[in-house]
There are 4 protein chains.
Amino acid sequence: MEKKMSRPKDSASRILNAADELFGELGYDAVSISDVARKAQVNKALVFYYYSSKAELFEQVIERYYAAHAAVLAAVARRPMSVRQRLHDMLDAYFRFMATNWRYPRLIQQQVSSNGPHLESIQRNLAMLFESIRVPLEDLAVQRPETSARQFFVTFSGMVINYFTYAPVLSAMWGTDPLAEAELAARRSHLHWVLDGMLDKLDRESAQS
Amino acid sequence: MEKKMSRPKDSASRILNAADELFGELGYDAVSISDVARKAQVNKALVFYYYSSKAELFEQVIERYYAAHAAVLAAVARRPMSVRQRLHDMLDAYFRFMATNWRYPRLIQQQVSSNGPHLESIQRNLAMLFESIRVPLEDLAVQRPETSARQFFVTFSGMVINYFTYAPVLSAMWGTDPLAEAELAARRSHLHWVLDGMLDKLDRESAQS
Amino acid sequence: MEKKMSRPKDSASRILNAADELFGELGYDAVSISDVARKAQVNKALVFYYYSSKAELFEQVIERYYAAHAAVLAAVARRPMSVRQRLHDMLDAYFRFMATNWRYPRLIQQQVSSNGPHLESIQRNLAMLFESIRVPLEDLAVQRPETSARQFFVTFSGMVINYFTYAPVLSAMWGTDPLAEAELAARRSHLHWVLDGMLDKLDRESAQS
Amino acid sequence: MEKKMSRPKDSASRILNAADELFGELGYDAVSISDVARKAQVNKALVFYYYSSKAELFEQVIERYYAAHAAVLAAVARRPMSVRQRLHDMLDAYFRFMATNWRYPRLIQQQVSSNGPHLESIQRNLAMLFESIRVPLEDLAVQRPETSARQFFVTFSGMVINYFTYAPVLSAMWGTDPLAEAELAARRSHLHWVLDGMLDKLDRESAQS
DNA sequence: GATGAATGAGCGTTCATTCAT
DNA sequence: AATGAATGAACGCTCATTCAT
């Protein structure tokens, strides 16, 4: 007799993927373990066999994103280049990563906007991200209150993240899919345009002073 | 004789305020009607006496914000001025409103990032907001993909909203309260600086073409 | 200024009528005091002003039917006539009363079939009804087990009552309204036909013995 | 080692039986899931593990009766015999089934007399029952308004059903248990006596015409 | 006589989690 | 590794009833 035909991926990762999709779409609270088990086509108790609790399951979902995210950042940081180019590169890498993993920013927003129990790990991740942008920015210009690295950090992450968080709403508003290739390209060029605008202004200001 | 020992505000609005604070802090799903009743110091059943369901209570909370928000926008729209000035004014009004009602952007983010059941009314509100920014922007410049009103809309709302959504996290990261006067001032000046950068760039580009 | 224009009937009886209709249609448990108040167009608390509890309100509803029912029975009993004629008369009066007050048998059936809290008063009423049929029947024939007054009592009340209890179901089954004149007439003639059949049989049996 | 201290019947059927008894005695609305769970000696949540809702639990209870009832009817229909004998047989089977499953008619009466949410399935069942009696009756005699199959159907079901519905009341009235063997026998002989009376009358009438 | 506000108790239902197998 | 059964706690909500005015 055959050993109950197991699916392409083993149960543990099928559960993780199901959790990823459901949490990302509906939010932590709106998803029950039963939902996850059903989607993963496994027994409900098996979820607890692999992940000790619902909270831990969620943690694993974002942990996987953190790792991938960190890898992308590291790859960019490794390349030597001008500051201006570096910032464009980082923005691009950030945007591309989010476009590919669009449920990730949604998961983060859910937690942040409701003081979820996973804020701490999000904080750690965010601090790392901030560090990677702070250095080039501080090289670039004097830190005035309106041009501090902190402000740019919030501005750029907001510009990128919110595009994906709001994707479903924008889609309904404008009748186009914000995740389609053409729309992504438009957004990306806009972001670079904005970045250029800022760098130009910084240049002009430092020239002037 | 005393006026029947009731608190400064009547039960209905005490409930609404409690709901506002709790939903804004913890998110719709994480807040139970018991929590709201306890915070409002009323009987749980009384919540249903005034608001027919938890969903309706939430609706009322955001409806109140919508009304205030629309009033602010209308006030700005009424003033005649240059396009550049108008955009600065609108940004300023938007930011100030969010700073005063910082739970409002959090409530919206919660719903949007988890496809909550109130997306529809959020959409309506967002469409209105978009309309009020679209006209001045389209006056300003040719609509290229990277400088379309849509892109600016997402960019500015992201820049503003996320500052408040992330306030708790930033507070922990930087050890300063993002909602304190000094920090708000810094953010506000940054936003105007960014807007100026963009407008300058648009000017230069239209001069050049 | 006018004294809040009161409706054709005063509040107390409007409440009673509303309760009658709702209880009769939906059953005691399925009807809330709010429902009654809404239907009677009075304030919910006013129901308790006139009727001390939901149970008492129900009691008053059936009490009103009892009184009317007793009056009808008494009227029939008063007329001197042959036994056979008396039984036909009683059956007729019973049926006509139920046809006019078709919610009454439904109310009774609800209580009886769910051991409701009003069984006792129902019992009293039923005993009275039984007494009024027992005497003529016992005059008529020897009481064998299969022809005892008790059996006839159950048989006739079942034949009459169930027609009304089942009216909604029969209506759907047969596509005709059992409470329409034509249908009532058919039922009534059937009941007399059955009664005649029984009396004939009793006659033949007593002739034979 | 013991087989995991579970009662003679497994939880699912213990719940179903408890529901049967409680619904039959007190009525759908007067019985809470807690009551059922307590009687079945299981956890309240387990009721929902086996039956998705209170309504479905009730449905299962009557469904079980339907199946048994249909089986009995089918068994009778299979036997070839004279029309008169067939009607006696059907009446007998009907009565015996009700005597054995006396909570069944009560459940039906509850629903019918309060327009309960399960009327539809009751209607289907009743239509089937009607069909099984219609054919032999229509063979028997011309259909006059007072001797139509419909009338006989209501008459006989009323005569049988109400005996059981009223059992608790009759018991209190007469001081004898209507479900005791002797009383059942009396009722049964009465029913056959009535049927004979009707058949005789039909015979006489068709002879005469 | 009439009403709006308030409340305690309970209901049907869901869910994360446990456990024996 | 996998599962069906079981459970305690909580949740949103309803309702009969009370009470001050």
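Residues numbered from 1 in each chain as written. Chains lettered and ligands numbered in written order. Predicted model: local features only at pLDDT ≥ 70, side-chain atom pairs only at ≥ 80, totals over all residues. Heavy atoms only, no water.

Peer 1: Would you mind going over the overall build of chain A with me for this structure?
Peer 2: Scanning chain A for helices and strands turns up ten helices and zero strands. Counting from the amino terminus, chain A carries its helices and strands in the arrangement α-α-α-α-α-α-α-α-α-α. Among the 209 residues that make up chain A, the fraction classed as buried is 53%. In chain A, the share of contacts with a sequence separation of at least 24, taken over all contacts with a separation of at least 6, comes to 68%. Carbon and sulfur atoms make up 55% of the accessible area of chain A, which totals about 9700 Å². Side-chain charges in chain A split into 25 positive and 24 negative, and the spacing between the mean points of these groups amounts to 4 Å. (Helix = DSSP H or I, 4+ residues; strand = E, 2+ residues; numbered from the N terminus. Buried < 20%, exposed > 50% of the residue type's maximum accessible area, 1.4 Å probe, protein only. Contact = heavy atoms within 4.5 Å. Areas by Shrake-Rupley, 256 points an atom, 1.4 Å probe, with all protein chains shown as cover. Lys, Arg positive; Asp, Glu negative; His and termini not counted. Charge placed at Lys NZ, Arg CZ, Asp CG, Glu CD.)

Peer 1: Help me out: how do you make sense of the domain arrangement of chain A in this one?
Peer 2: Interface size is commonly expressed as the accessible area that is lost once the parts come together. All names here are of chain A. On domain assignment, one finds that chain A holds domain 1 (8-51) and domain 2 (62-208). The C-alpha centroid of domain 2 is placed 29 Å from the C-alpha centroid of domain 1. Taken residue by residue, the interface counts nine residues in domain 1 and seven residues in domain 2. Taken together, the two surfaces of domain 1 and domain 2 that pack against each other cover about 720 Å², and 42% of this comes from carbon and sulfur. Sorting the residues of domain 1 by area buried against domain 2 places D20, G24 and Y28 first, and these three jointly supply 58% of that buried surface. (Domains from an automatic or database assignment. Buried area = accessible area lost by both parts, 1.4 Å probe.)

Peer 1: Mind showing me how you'd approach the relation of the copies chain A and chain B here?
Peer 2: With an RMSD of 0.2 Å, the fit of chain A onto chain B corresponds to turning through 180° and sliding 0.0 Å along the axis. Such a combination of turn and shift is consistent with a two-fold rotation axis. Ranked by how close their C-alpha atoms come to the rotation axis, the residues of chain A are headed by G158 of chain A, at 2.3 Å. Counting the interface residues of chain A, we find that 100% of their copies in chain B are interface residues as well, pointing to one common contact surface. (Least-squares fit on C-alpha atoms with pLDDT ≥ 70 in both.)

Peer 1: Any chance you could explain the side chain of Q110 of chain C here in plain terms?
Peer 2: Along the chain, Q110 of chain C turns up in helix α6 (residues 103-113). A residue is classified by how much of its surface remains accessible, and Q110 of chain C, at 7% relative accessible area, is buried. Sequence-distant contacts of Q110 of chain C, defined by excluding residues within four places in its chain, comprise F23, G24, G27 and Y28 of chain C together with S113 and S114 of chain D.

Peer 1: It is not clear to me how the interface of chain A and chain B should be interpreted in this structure. Could you clarify?
Peer 2: Contact with chain A, which involves 58 residues of that partner, is made by 58 residues of chain B. Between chain A and chain B, roughly 5000 Å² of surface is buried when both sides are summed, and carbon and sulfur atoms account for 63% of that area. Three residues, S113, W174 and W193 of chain A, lead the burial of chain A against chain B; their summed loss comes to 15% of the area buried on that side. A salt bridge links D200 of chain A to R204 of chain B; the nearest nitrogen and oxygen atoms lie 3.4 Å apart. Among the elements that line the side of chain A that touches chain B, the one with the most residues is helix α10 (residues 181-208) of chain A, at 14 residues. Across the side of chain A that touches chain B, the residue classes break down as 27 nonpolar, 19 polar and twelve charged. (Salt bridge = Lys/Arg side-chain N within 4 Å of Asp/Glu carboxyl O. Nonpolar A, V, L, I, M, F, W, Y, C, P; charged D, E, K, R; others polar.)

Peer 1: It is not clear to me how the relation of the copies chain C and chain D should be interpreted in this structure. Could you clarify?
Peer 2: The second copy of the chain is related to the first by a rotation about an axis and a shift along the axis. If you rotate chain C by 180° and push it 0.0 Å along the axis, it lands on chain D with an RMSD of 0.1 Å. Comparing interface residues between copies, 100% of those in chain C also sit at the interface in chain D, which points to an isologous, same-surface contact.

Peer 1: How should the protein's contact with DNA strand F be read in this particular structure?
Peer 2: Near DNA strand F there are 31 residues, and of these N43 and Y49 of chain A, K44 and K54 of chain B together with N43 of chain D occur at the shortest range. Close to the protein, within 4 Å, the atoms of DNA strand F belong to sugar or phosphate groups at a rate of 60%. In the environment of DNA strand F, a phosphate oxygen lies 3.1 Å from a nitrogen or oxygen atom belonging to the side chain of N43 of chain A. Between DNA strand F and the protein, one listed contact pairs a phosphate oxygen with a side-chain N or O atom of Y49 of chain D at 2.9 Å. Counting only elements with at least two residues in the surface near DNA strand F, the list comes to α3 (44-50) of chain A, α3 (44-50) of chain B, α3 (44-50) of chain C together with α3 (44-50) of chain D. (Near = heavy atom within 4 Å. Polar contact = N/O pair within 3.5 Å; in protein donor to acceptor, adjacent residues only side chain to side chain.)

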